[in-house]
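# Summary of structural features
Now for the letters of each chain:
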Amino acid sequence: MSRVGLFALQMLVAVAIIALWQVFATVPVFGRILLPPFFFSNPVDVFSQVINWFATGVIWKHLAITLWESILAFVIGSLGGVLVGFWFARKPLVAAVFDPYVKMANALPRVVLAPIFTLWLGLGIWSKVALGVTLVFFIVFFNVYQGVKEVSIVVRDNARMLGMGERQLMRHVYWPSALSWMFSSLHTSVGFAVVGAVVGEYLGSAAGLGYLIQQAEGVFDVAGVFAGMFVLSIFVVLIDIGVTLVERRLLVWRPDAVDAR
């Protein structure tokens, strides 16, 4: 299917969901509203709130703060995950020693860590970045670790027979093998980086999309809550598109990447 056709289908699904939401929130069905406005608001009010935020400029400060926190969490967590993943995959003894500790750290509920990071790092951006890093790091780490471990033994041994050193093996064998796994994790990590920032803002901050949502929830402004969630969703989609563009640039050797171009 062409990109235009796929995009049209995606938009059709969005329009259908919004239309059903509007109907069920405003039109009585068998004498009752299925989605009471007090609990669900409606698309018209939600989009009016979004337009008002952008028209008055209220949203820009909060959007910039959340964007900066998310980017820092995404970059730091991804780099850490890639480096440690490669290190563990190439050093089996190190991986064996630290394996239980990695699993213990990954099992910790991140919401519990948020107040601790706030206590350690204050109410500024770094407590939100730290929370986002804990979410991103393990996703990237496990995928990169598995990607390097999944290198074809035949390809690796043939490369060694041709005289490749460790550095050449890393560049021409291990790195290409890990790239597909890494980008698969990065697409997921984008959302988690934003989630970390927003949850941190929600629990304690004076600005950001999480702060906007928390303020709207505090006064039972359901339209404001949904508006914040909508802006957040668009925000994540745009960042994911950026990751996809980088992926196509780096994975031009892959058949599906070539076709996508």
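Above this text is the structure in question.
Structure report, in brief. None of the values given here were measured: they were computed from a predicted structure.

### Some words on the overall build of the protein chain
Within the protein chain one finds 12 helices and zero strands. Counting from the amino terminus, helix and strand elements in the protein chain follow one another as α-α-α-α-α-α-α-α-α-α-α-α. Counting only C-alpha atoms and orienting by the principal axes, one finds that the protein chain spans roughly 75 × 50 × 35 Å. A total of 261 residues make up the protein chain; the buried ones form 37% of that total. Sequence separation of at least 24 residues holds for 71% of the intrachain contacts in the protein chain that already meet a minimum separation of 6. Accessible surface for the protein chain amounts to roughly 15200 Å². Of this, 73% is attributable to carbon and sulfur atoms. The centroid of the 17 positive side-chain charges in the protein chain is displaced by 9 Å from the centroid of its 13 negative side-chain charges.

### Remarks on the nonpolar core
Nonpolar side chains tend toward joint burial in soluble globular proteins. Counting residues in hydrophobic clusters, the biggest one holds 25 residues, and the most contacted among them are Phe86, Val144, Val148, Met182 and Leu186. Mapped by element, the contributors of at least two residues to this core are helix H4 (58–90), helix H7 (125–149) and helix H9 (166–203). Every residue in contact with Leu186, bar those within four places of it in the chain, is listed here: Phe74, Ser78, Val140 and Val243.

### Considering a nonpolar patch on the surface
Taken together, Ile76, Val112, Ile116, Leu119, Trp120, Leu121 and Trp126 make up a surface patch of nonpolar side chains, about 770 Å² in accessible area. With five residues, helix H6 (residues 110–121) is the single largest residue contributor to the nonpolar patch.

### A word on the side chain of Thr134
One can find Thr134 in helix H7. Thr134 gets classed as buried once you look at its relative accessible area, which sits at 15%. Leave out the neighbours within four places in its chain, and Thr134 touches Arg110, Leu113 and Phe117.

### A closer look at the side chain of Ser41
Inspection of the secondary structure assignment puts Ser41 in the loop between helix H2 (37–40) and helix H3 (43–56). Here Ser41 is in contact with Trp21, Ala25, Pro36, Val46, Val222 and Ala223, once residues within four sequence places are set aside.

### A word on the packing of aromatic side chains
Within the structure shown, the criterion is met by 14 aromatic pairs. Judged by centre distance (5.2 Å) and plane angle (90°), the ring pair of Phe38 and Phe39 falls under edge-to-face. The same class applies to Phe38 and to Phe39, which are both exposed. Pairing Phe88 with Phe98 gives two aromatic rings, centres 6.1 Å apart and planes at 35°, and the pair type is tilted.

### Here's the deal with the packing of H6 against H7
Taken N-terminus to C-terminus, the directions of H6 and H7 make an angle of 140°; their axes are 8 Å apart at the nearest point. By crossing handedness, the relation of H6 to H7 is classed as right-handed. Here Arg110, Leu113, Ala114, Phe117, Thr118 and Leu121 of H6 lie close against H7, whose contacting residues are Trp126, Ser127, Ala130, Leu131, Thr134, Leu135 and Phe138. Classifying every residue of the contact of H6 with H7 by side-chain character gives nine nonpolar, three polar and one charged.

### Re the pattern of salt bridges
A full pass over the atoms with the stated rule returns one salt bridge. Close ionic contact of Asp99 with Lys103 constitutes a salt bridge, the shortest N to O distance being 3.2 Å. Placement of both Asp99 and Lys103 in helix H5 (residues 92–107) is noted, with a separation of four residues, approximately one turn of the helix.

### Considerations on the environment of Gln10
Position of Gln10 relative to the elements: it lies in helix H1 (residues 3–26). Here Gln10 falls in the partly exposed class, since its relative accessible area comes to 42%. Separated by 172 residues in the primary sequence, Gln10 and Met182 place their C-alpha atoms 26 Å from one another.

### Brief notes about the packing of H5 against H7
At a closest axis distance of 12 Å, the pairing of H5 and H7 adopts a crossing angle of 145°. Every pair of crossing elements has a handedness; the one defined by H5 and H7 is left-handed. Contacts between H5 and H7 pair Ala95, Val102, Ala105 and Asn106 from the former with Phe138, Phe141, Phe142 and Tyr145 from the latter. Taken together, the residues of the contact of H5 with H7 break down into seven nonpolar, one polar and no charged.

Definitions and cut-offs
Residues numbered from 1 in each chain as written. Predicted model: local features only at pLDDT ≥ 70, side-chain atom pairs only at ≥ 80, totals over all residues. Heavy atoms only, no water. Helix = DSSP H or I, 4+ residues; strand = E, 2+ residues; numbered from the N terminus. Buried < 20%, exposed > 50% of the residue type's maximum accessible area, 1.4 Å probe, protein only. Contact = heavy atoms within 4.5 Å. Areas by Shrake-Rupley, 256 points an atom, 1.4 Å probe, with all protein chains shown as cover. Lys, Arg positive; Asp, Glu negative; His and termini not counted. Charge placed at Lys NZ, Arg CZ, Asp CG, Glu CD. Core = buried A, V, L, I, M, F, W, Y, C linked by side-chain atoms within 4.5 Å. Patch = residues over 30% accessible without salt bridge, like charges linked within 9 Å, V, L, I, M, F, W, Y side chains within 5 Å. Salt bridge = Lys/Arg side-chain N within 4 Å of Asp/Glu carboxyl O. Phe/Tyr/Trp six-rings, centres within 6.5 Å; stacked < 30°, edge-to-face > 60°. Axes fitted to C-alpha atoms, helices over the stretch in contact; angles between N-to-C directions. Left-handed = near helix turned anticlockwise from the far one by under 90°. Nonpolar A, V, L, I, M, F, W, Y, C, P; charged D, E, K, R; others polar.

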